[in-house]
2 protein chains.
Amino acid sequence: MDTRTGLPVVGMVGGGQLARMTHHAAIALGQSLRVLAATETDGAALVAADTVVGSHTDLDALLGFARGCDVVTFDHEHVPTEHIRELVKAGAVVRPGADALVHAQDKRAMRERLAASGIPVPRWAPVRSPDDLTAFAEAEAGPGAGWPLVVKAVRGGYDGRGVWIVTGPDEVPAGLDLIVEECVPLRRELAAVVARSPFGQVAVYPVVETVQRDGICVEVLAPAPGLSDERAVLAQDLAIRIATELDVIGLLAVELFDTGTGLIVNELAMRPHNSAHWTIEGARTSQFEQHLRAVLDYPMGDTSLTAPVVVMANVLGWEPDGRDMSLDERLHHMFASEPAVKVHLYGKQVRPGRKIGHVTALGDDLEKVRASAARAARWLSEGGEP
Amino acid sequence: MDTRTGLPVVGMVGGGQLARMTHHAAIALGQSLRVLAATETDGAALVAADTVVGSHTDLDALLGFARGCDVVTFDHEHVPTEHIRELVKAGAVVRPGADALVHAQDKRAMRERLAASGIPVPRWAPVRSPDDLTAFAEAEAGPGAGWPLVVKAVRGGYDGRGVWIVTGPDEVPAGLDLIVEECVPLRRELAAVVARSPFGQVAVYPVVETVQRDGICVEVLAPAPGLSDERAVLAQDLAIRIATELDVIGLLAVELFDTGTGLIVNELAMRPHNSAHWTIEGARTSQFEQHLRAVLDYPMGDTSLTAPVVVMANVLGWEPDGRDMSLDERLHHMFASEPAVKVHLYGKQVRPGRKIGHVTALGDDLEKVRASAARAARWLSEGGEP
C-alpha cells in the first residue's frame, strides 16, 4: 500500500516499452508503477519515478524489489520459473503465477498442455536430435507435411528470434532445446487478447489481424477484416478457455493461425502484447489499464472499440541513409502529415529494425485508416511518404 | 536535448495534477517531463522520473531547473513575472512568455488589455477604497447594475478563491489588491480552449459548457449542449483572437459567460485547464499533448471529438462519514458500476472538497452519459449511488 495515495503498489519486472506504457496507464489509476529495470536508460526507467535497477535473473534483486509491492507482474517472460516460486514463498503476490506463466515461457510445456486440453495446435514434436526432424517430416502426409518445418527454441524467443524455418535436418541450430512443428498453411494471423482477474472475471477484446514481416509484427488491424462473427467468437472462446484452464491472472494474448477453414493456436503471451497496442486509443479500456485492473482484482473495463476501424503500425528503427534526420525532425513531418494519428515512442536508442514506437489511426474506412497509419510509421522510420 | 532519446526536454514549473497529466502525455511523445515540484509528494512528483523539488518563487531554483530544459512551461500562474524575465535573460526558452502570461496572472492587466482590444468583458473598475464600490454600484442602471457586485483579487485566485460576491461596501476584503465587476446575469458558463505554437498555428477545441458549484468546476459537457454553430464559432474566434493578440504559446483557456444574447469573457488561463480534461479520451488529441506540441513547436493535433457527447465530472474529496471506505474500495465499486467510464486520479491526499481526480464518460445520449459520469464521480467521492 502506498501510504501517500492509499492505493496498492504494482511492481513490474522488466523496464521495456510494455512497462513504460503500463506506467502510462497506472498514472490515470492514481498509481505509480514500480519498475525493476535492467538499466537506468530502459524505456520505463526514463519515465517512472519508482524505478529500481537490477537483473530479472538475480533472485536477491527480485526479492528486494517485491518487498513493498502489493502485487508483482511482468513486462516479459524471462524470469526463471524457480525464482517466481521463491518470490511466492517469501510472501509476494505474483500475477500471473508460475504455474500459468510457464506456458508462456516454455513452448514444449505450452504445446503439451494445450494438446492435452484438446485445443487446436500445429502438429509438433520435441527434438532430441536432427533425426527427430527427419522422422517428423516423413511421418505424415497432407497439407503441412514434409519439409519445410518450423523449429523453435523451447525458451527465450521473441520477435522472430528463436524460430527457424528449415528445409532439411542439417539446418537445425545446435546446442538448443528445441521443438519442431509443421509449417501450417495459413491465410493470415489473428490474435485474441483476454484479461482475467483473481475473482475469475474475464474481458476479451475484439479479435484482430496481425501482419508480420521477417517474424516481427508490423501492423495490426482491429477488428480483423472480414472475420465472421462465428469465427471471432470461436477465437475469443479459445482465449477465455485457455486463460481459465491455465489460471492466468492478467492479460493473455493468444496468437492464432487462420487457415481459412479453422483456427490453430500459435503462441501465448501473459502480459501486455504488441497485438493490443491499438487498444490505447482504439478500445474504451487499454490493455495496459486492463492488465493493472486484472492483477489488482478490480472489475474489468469495457473492451469496446472506440471507432469502426483501428490500425496500429509499429515504428522500426531506420537504416542509416546519409540524411542524418533526427527522430525529432521525423516527428515534425509526421505530425504535419497526419494530425489525427497518435504516436507512442518508447525512449529507445534507434537501431535498424528495432521497435522504437508505434502509431495508431482510427476511422471508418479500412483502406484510408491503414494508409494513414502506414504513412505515419514511414515518416517516423524511413522518413518520407510511402 | 535528451541525449538518451534524441528528443527535446520540456520542463514544467509546478507539480500538481496538470503536470501529472502532462507527464502522462509526454510519455507517449517519447519524452519524460521535467517537473519542478514544491514537495516530493506532489501528484506529478509521484509519477515523473525527472522531478526536482524547489519553490516556484525561488529564482535560483527556477534558474537551476531551467538549465538543461529546451523549453520551460507552467502548471499554474503563480511564478512571479520578474522571475520569468530573469529566466529569459539567462537564456531559457519560456512558453508562454511573461508578456502573455501576465494576462492570466493579473486580472486588472487582463481586463484592461481585453477591453482595449474591444473584446467583450463585464463592466469593471479597479478598487482603491470601499467608496469605489459604492460609486461603481451607483454608476449605471440596467441588468447587472447595482448590488450585488463581484470583487476579485487581482492576483493569486483559483477555484473560487479570491472571488467574492458582495452586497455592500462593508463586505470588501481588506488588505488586498482588488477589482470590482458587475454580477453578469448569465444563462450558463462556457469555455473555449485553443493551442497556439511559436509558428503561429492555432488549433481550437469544440466549445464546452462548464458547470460550477461553490466556485469550483464540477462538470464539463462537450460539446456545449444546444449551442448554435454561430455562437460556437464566435467563442472559438474570441479564443483565437485573444491567443494571437497576446502572443500566447501553448494552451489558452477562455472562460465565457453565455448571457443568452451574447458572450462575455470571464477568465483566462494559459496552461492545461480543468475545462478540457475531457479531451484525454474525448478528443483525438488531448489538451496535455497539445500543450506539449505547442511549446515544442510541433504541428498541432486534431481536436475532433471522439464521440458525439463527452462529459467530465470532477471527483472531490469527501467529508468524513464514519464508513472508513478507502479510495481503493471506492474504485472497486465505481469500476463495477461503470465499466466504460475512465478515471484519472491525481495522487493527492483526500481533503473535503479538494479535487482529487476526474472521470470521463462518452456516448451518444447526453442525459445517459451525464448520469454515468455523475454516478462514477459519486462512487469515488460520497461513495454510493446518487
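Residues numbered from 1 in each chain as written. Chains lettered and ligands numbered in written order. Predicted model: local features only at pLDDT ≥ 70, side-chain atom pairs only at ≥ 80, totals over all residues. Heavy atoms only, no water.

Visitor: Teacher, can you tell me more about the sheet that holds strand β6 (residues 149–153) of chain A here?
Guide: By definition, the strands of a sheet pair up through backbone hydrogen bonds, in either a parallel or an antiparallel sense. Residue and element names in this part refer to chain A. As summarised here, the arrangement of the 4 strands in space is β5-β8-β6-β7, forming an open sheet in which the pairing is antiparallel. At either end of the open sheet lies a strand with only one pairing partner, and these are β5 (124–127) and β7 (163–166). Pairwise comparison of adjacent strand axes, ignoring direction, gives a mean angle of 25° for this sheet. Strand contacts of helix α6 (residues 130–139): β5, β6, β7 and β8 (178–182), with the helix running at about 165° to β5, the strand carrying the most contacts. (Pairing = 2+ DSSP bridges. Helix = DSSP H or I, 4+ residues; strand = E, 2+ residues; numbered from the N terminus. Axes fitted to C-alpha atoms, helices over the stretch in contact; angles between N-to-C directions. Contact = heavy atoms within 4.5 Å.)

Visitor: How should the interface of chain B and chain A be read in this particular structure?
Guide: Where the parts come together, the accessible area they lose is often given as the size of the interface. Counting residues at the interface gives 48 residues for chain B and 48 residues for chain A. Contact between chain B and chain A buries roughly 4,100 Å² in total, counting both sides, with carbon and sulfur atoms accounting for 59%. A per-residue breakdown of the area chain B buries against chain A is headed by Arg4(B), Arg284(B) and Phe335(B), which together make up 15% of the total. At the boundary of chain B with chain A, the tally comes to 2 salt bridges. Between chain B and chain A we count 27 residue pairs in polar contact (both at pLDDT 80 or more) in total. The dominant element in the side of chain B that touches chain A, judged by the number of residues it contributes, is helix α10 (residues 327–337) of chain B, at 6 residues. (Buried area = accessible area lost by both parts, 1.4 Å probe. Salt bridge = Lys/Arg side-chain N within 4 Å of Asp/Glu carboxyl O. Polar contact = N/O pair within 3.5 Å; in protein donor to acceptor, adjacent residues only side chain to side chain.)

Visitor: Help me out: how do you make sense of unusual backbone geometry in this one?
Guide: Note on backbone geometry: most residues besides glycine have negative phi, and most peptide bonds are trans. The amide bond that connects Arg95(A) to the next residue, Pro96(A), takes the cis arrangement and shows omega of 0°. Mapping Pro96(A) onto the fold places it in the loop between α3 (81–89) and α4 (98–105). Cis geometry marks the peptide bond from Trp147(B) to Pro148(B); its omega dihedral reads -5°. Checked against the element boundaries, Pro148(B) lands in the loop between α6 (130–139) and β6 (149–153). Backbone geometry places Asp214(A), a non-glycine residue, at a positive phi of 55°. Here the phi dihedral of Asp247(B) falls at roughly 55°; this positive angle occurs in a residue that is not glycine. The residue Asp247(B) is located in the loop between α7 (229–245) and β13 (250–258) in this model.

Visitor: What exactly am I supposed to notice about the state of the cysteines here?
Guide: Linking two cysteines covalently through their sulfur atoms gives a disulfide. All names here are of chain B. All chains considered together, the criterion is met by 0 disulfides over all chains. For the unlinked cysteine Cys217, the closest cysteine sulfur is that of Cys183, found at 19 Å. For Cys217, a relative accessible area of 9% puts it in the buried group. (Disulfide = S-S within 2.5 Å. Buried < 20%, exposed > 50% of the residue type's maximum accessible area, 1.4 Å probe, protein only.)

Visitor: Can you help me understand the packing of aromatic side chains in this one?
Guide: Ring pairs (aromatic) are described by centroid distance and by the angle formed between their planes. Throughout the structure, instances matching the rule amount to 4 aromatic pairs over all chains. Each ring, one from Tyr205(A) and one from Trp278(A), has its centre 6.2 Å from the other, and the planes form 80°; the classification is edge-to-face. Within this pair, whereas Tyr205(A) is found in the loop between β10 (202–204) and β11 (208–213), its partner Trp278(A) is found in the loop between β14 (263–269) and α8 (279–282), the two being separated by 73 residues in sequence. Judged by relative accessible area, Trp278(A) falls into the buried class, the value being 1%. Positioned above the aromatic ring of Phe335(B) is the side chain of Arg293(A), whose terminal nitrogen or guanidinium carbon lies 3.6 Å from the ring centre. If you follow Arg330(A) out to its NZ or CZ, it ends over the ring of Trp318(A), 3.5 Å from the centre. (Phe/Tyr/Trp six-rings, centres within 6.5 Å; stacked < 30°, edge-to-face > 60°. Lys NZ or Arg CZ within 6 Å of the ring centre and 35° of its normal.)

Visitor: Teacher, can you tell me more about α10(B) here?
Guide: Residues three or four positions apart in an α-helix share a direction because the helix packs 3.6 residues into each turn. The set of residues buried in α10(B) consists of Leu327(B), Asp328(B), Arg330(B), Leu331(B), Met334(B) and Phe335(B). Mapping the buried residues of α10(B) onto a view down its axis gives an arc of 155°, with all of them on the same face. Buried residues in α10(B) make contact with α9 (287–295) of chain A together with β16 (342–345), β17 (355–363) and α11 (366–380) of chain B. (Arc of directions from axis to C-beta.)

Visitor: Even after reading the chapter, I still don't get the pattern of salt bridges, so can you show me in this structure?
Guide: Between side chains of opposite charge, a pair can form as their charged atoms come close. On inspection of all chains with the given rule, the structure shows 39 salt bridges over all chains. A salt bridge links Asp2(A) to Arg4(A); the shortest N-O distance between them is 2.9 Å. Here Asp177(B) and Arg108(B) are joined by a salt bridge, their closest N and O atoms 3.0 Å apart. Separated by 69 residues along the polypeptide, Asp177(B) in the loop between β7 (163–166) and β8 (178–182) and Arg108(B) in helix α5 (residues 107–116) bring together distant segments of the chain. A relative accessible area of 39% means that Asp177(B) is categorised as partly exposed. Salt bridges here are not isolated pairs; linked through shared partners, they connect Lys107(A), Arg111(A), Lys152(A), Glu181(A) and Glu267(A).

Visitor: Sorry if this is basic, but what is going on with the sheet that holds strand β1 (residues 10–13) of chain B here?
Guide: All names here are of chain B. Reading across the sheet, the 4 strands line up as β3-β2-β1-β4 and stay open at both edges, with parallel pairing between neighbours. Edge positions in the sheet fall to β3 (50–53) and β4 (71–74), since each has one partner strand and no second. Taken over all neighbouring pairs, the strand axes of this sheet differ in orientation by 25° on average, direction set aside. In terms of strand pairing, β1 meets strand β2 (residues 34–37) through 3 bridges, oriented parallel. Looking across to β2, one finds that Met12 is bridged to Val35.

Visitor: What exactly am I supposed to notice about the side chain of Thr22(A) here?
Guide: Residue and element names in this part refer to chain A. The topology assignment puts Thr22 in helix α1 (residues 17–28). By relative accessible area, Thr22 is classed as buried at 0%. Here the side chain of Thr22 touches Leu18 through a polar contact of 2.6 Å, landing on its backbone oxygen. For Thr22, the residues in contact, after removing those within four places along its chain, are Met12, Leu33, Pro272, Phe288 and Leu292.

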